[in-house]
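# Report on the structure
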Amino acid sequence: MGACATGALTVGAVALTVAAGYPHAAVQALLLAAAIMSSAGIGLIVLARRPHDRFARLLVATGLASSTIALTQAASPVAYSASRIMLWLLEFAFLYLVLSFPSGRLGQAPERRLFALGAALLLSLWIPTGLVVSQYPLPTPWVSCGADCPSNAFQLTASQPAVIDALVRPLREVLTLVLWFAVLARLIARVRGAGPLRRRTLIPVVATVALRSAVMCGWFIARAIDPHAGETLLAIGWLYMFSLPAIAIGFGTGLLLRRLYAAIALRRFLIDLPPHPTPVQVRTTLAATLQDPTLRIFSCETPDGRWIDEDGAPVPAPQCAPGSAVTDIAIDGERVAAIVHHESLAQDRVMMRAAGTIALTVIENAQLVGRLRSSLHRLSESRARTAAVADETRRRIERDLHDGAQQRLVALRIRLSTEAERLHGPDRQNVAALGDDVEQTIDELRRLAHGIYPSALTDRGLAAALSTAALTAPIPTSVRTTGSKRYRPEVESAVYFACMEAMQNSAKHAGPGAHVEISLRLDESLEFEVRDDGAGFQVDGNDGAAGAGLTNLHDRLSAVGGRVVVESAPGHGTRVTGAVPAAGRPAEPATPDAIALLAPADADMG
């Protein structure tokens, strides 16, 4: 609808200007079309993205009102007189747009004072003269009628007071020039004190206002020196006419540069973020990107509505302070975060909301990763405690069996032997047979206790316990050890039972004639390898026994922060490797029993 109205008014204004038939009508029509289309067109483009933008609406209204300039070519005194007054109003309408750019509101006191001075000048020295002059001032850039111009239809006096040409007209022109240069000085001051976003937005406007002020000054001076200067005055007049659409183009250029800077700033923000940033790093990076050291990010913890800062400390709900602004971040209509920043960044809410949404997403992601890591750490600690409790339970059961049931059975075996020596005949044989049964029970109990938790692991360490287990393994097994360091009990037991699990899997799947080799490296980290040269299997966990064994290996090692890798393929044997980064303790001196137990394994390794 707005585009249709703009097009229709532009065509009508151009047609009216050309139809008047005055010299240089084509140039005037072209400049008038530029004035209408530049203002209304840029405003409509902005409204297409932000329908409630106040400045864009004012820009469209000013552009449409500019079409009334074409009535300066009309022969009707009323239409001509109304268009001349409209020229004055448009001058100060553009003044308001310049002062209120880009928000559409006079935000600070200097802008409000300058516009108040302009309004006072318009109402005291411009508009009232339209009621007392018989002819409007000539020449004027937008008017080509010259001596044939219609008379003033709004004149209320019988004759024009002499003071108008002698004092009022030169005074108002000088004051208007002073006002425009004051506006230019205010814009330059705003650029100097602005942040990067507003600076890029204002620079094109400053340039076009400087052009407008300079051309206006040249026009007033040239017209005062010689109103009939001909081509020179005409050329300056065309520049004066062009300066009006140039200001509108400056508005559009500033808005475009602002949008480009916003896109570049968001991209740089994402690039400059460190990996896995903390909320404080997100705030620091965003503040550096937008060149606003006062920027803060606050989030709302639902459902209690409590606000926290980047450090997680509770804070009051964010509010505007002098020189600052607040941009709310909402999800599904609910306020979840807010950015407090310098007021110069408030002109582009879209960029700030986008930056806030990105920052909030990064912060929430970092918090989720932190929670996940904390949960994994607690889980690891829990599994380690569980493994330690299980090992301690195994050791207690082993001690109870050794010190309790086993000792009683040994005493019973001795008593039966003593009793058998006193008997004769079949009674002696029966008691001796009972003694043999007790002996077998003692052996089975010893094997059971050793399977629950080998005493050699506690007394002599991992190498001795695995060497002892290798002597009774169902498959030929050798042990090679580098280093003699001792580790925490839960670490040694986890590696011991992992090696035993690997040995049992080899016994089940390696096949006849296979050999198992265990290698230990007892250094800063405990490393082990269990290798067999048997049939191997497909490592996919689908084989019931093998799958359960692999799961047990992984569970035992991960409970103490270790890792395990199983490599196997049909026909190529199996290799189980693992490591536990654990703090060790000095190795205890080897006892003669330990040396005797280690000797067969060393001899077997050749």
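Report follows, based on the coordinates. What you are looking at is a predicted structure, and each value in this text was computed from that prediction instead of being measured. (Residues numbered from 1 in each chain as written. Predicted model: local features only at pLDDT ≥ 70, side-chain atom pairs only at ≥ 80, totals over all residues. Heavy atoms only, no water.)

## Quick look at the state of the cysteines
Any covalent bond linking the sulfur atoms of two cysteines counts as a disulfide. To be explicit about the condition: To count as a disulfide, a pair of cysteine sulfur atoms needs to be within 2.5 Å. Throughout, exposure labels follow a simple rule: accessible area from a 1.4 Å probe, protein chains only, divided by the maximum for the residue type, with under 20% read as buried, over 50% as exposed, and the rest as partly exposed.
Under the criterion given, the structure shown has one disulfide. Two residues share a disulfide in this structure: Cys145 and Cys149, whose sulfurs sit 1.5 Å from each other. Between Cys145 and Cys149 the sulfur-sulfur dihedral comes to about 85 degrees; the bridge is accordingly right-handed. Of the two residues, Cys145 and Cys149, both sit in the buried class.

## Things to note about the sheet that holds strand 10 (residues 563-568)
How we decide: When DSSP finds two or more bridges between a pair of strands, those strands are recorded as paired. What counts as a helix is a DSSP run of H or I of at least four residues, what counts as a strand is a run of E of at least two, and both are numbered from the N terminus. For helices, the axis comes from a line fit to the C-alpha atoms of the stretch in contact; other axes are also lines fit to C-alpha atoms, and the angle between any two N-to-C directions lies between 0 and 180 degrees. Contacts were defined at the residue level, with two residues in contact if any of their heavy atoms lie within 4.5 Å.
Reading across the sheet, the five strands line up as 6-8-9-11-10 and stay open at both edges, with mixed pairing between neighbours. Each edge of the open sheet is held by one strand with a lone partner, namely strand 6 (477-482) and strand 10. Averaged over neighbouring strand pairs, the angle between their axes works out to 10 degrees when direction is ignored. The sheet contact formed by strand 10 and strand 11 (residues 574-580) spans six bridges and is antiparallel. Of the residues in strand 11, the one forming a bridge with Glu567 is Arg575. Sitting on the sheet, helix 14 (residues 489-509) is in contact with strand 6, strand 8 (516-522), strand 9 (526-532) and strand 11, with an inclination near 10 degrees to strand 9.

## Considerations on the pairing of strand 4 (residues 324-331)
With eight bridges connecting them, strand 4 and strand 5 (residues 334-342) associate as antiparallel partners. Bridge pairing links Thr327 to Ile339 in strand 5. Taken together, strand 4 and the strand that follows it, strand 5, pair antiparallel across an intervening segment of two residues, in which Asp332 is found at a positive phi of about 55 degrees.

## Details of the pairing of strand 1 (residues 296-301)
Looking at chain direction, strand 1 and strand 5 are connected through four bridges and run antiparallel. Following the sheet pairing, Arg296 is matched in strand 5 by Val340. Taken together, the three bridges between strand 1 and strand 2 (residues 306-308) define a ladder with antiparallel strand orientation. Paired with Cys300 across the bridge in strand 2 is Trp307.

## Section: the nonpolar core
Our working rule: Here the nonpolar core consists of buried residues drawn from Ala, Val, Leu, Ile, Met, Phe, Trp, Tyr and Cys, with membership extended through side-chain atoms lying within 4.5 Å.
Counting residues in hydrophobic clusters, the biggest one holds 65 residues, and the most contacted among them are Val98, Trp142 and Phe251. With twelve residues, the single largest contributor to this core is helix 4 (residues 77-100). Look past the residues within four positions of Val98 in its chain and what remains in contact with it is Trp180, Val183, Leu187, Arg190, Val205, Val209, Ile247 and Phe251. One finds Ala463, Tyr487, Ala494 and Met500 within the second-largest nonpolar core, a separate group that totals 37 residues.

## A short note on the pattern of salt bridges
When their charged atoms lie close together, side chains carrying opposite charge are able to pair. The test is simple: Definition used for salt bridges: Asp or Glu carboxyl oxygen within 4 Å of a side-chain nitrogen of Lys or Arg.
This structure, assessed with the given rule, holds 17 salt bridges. Here Arg521 and Asp523 are joined by a salt bridge, their closest N and O atoms 3.3 Å apart. The class of Asp523 is partly exposed, set by a relative accessible area of 32%. One network of salt bridges, in which partners are shared, links Arg283, Arg296, Asp309 and Glu310.

## Notes on the packing of helix 8 (residues 231-272) against helix 9 (residues 279-290)
Operational definition: Definitions for this section: a left-handed crossing has its near helix turned counterclockwise from the far helix by less than a right angle. A right-handed crossing has that turn clockwise.
Running from amino to carboxyl end, helix 8 crosses helix 9 at an angle of 145 degrees, the nearest separation of the two axes being 9 Å. Taken as a pair, helix 8 and helix 9 cross one another with a handedness that is right-handed. Contact residues: helix 8 offers Tyr261, Ala265, Arg268, Phe269 and Asp272, while helix 9 offers Val282, Thr285, Leu286, Thr289 and Leu290.

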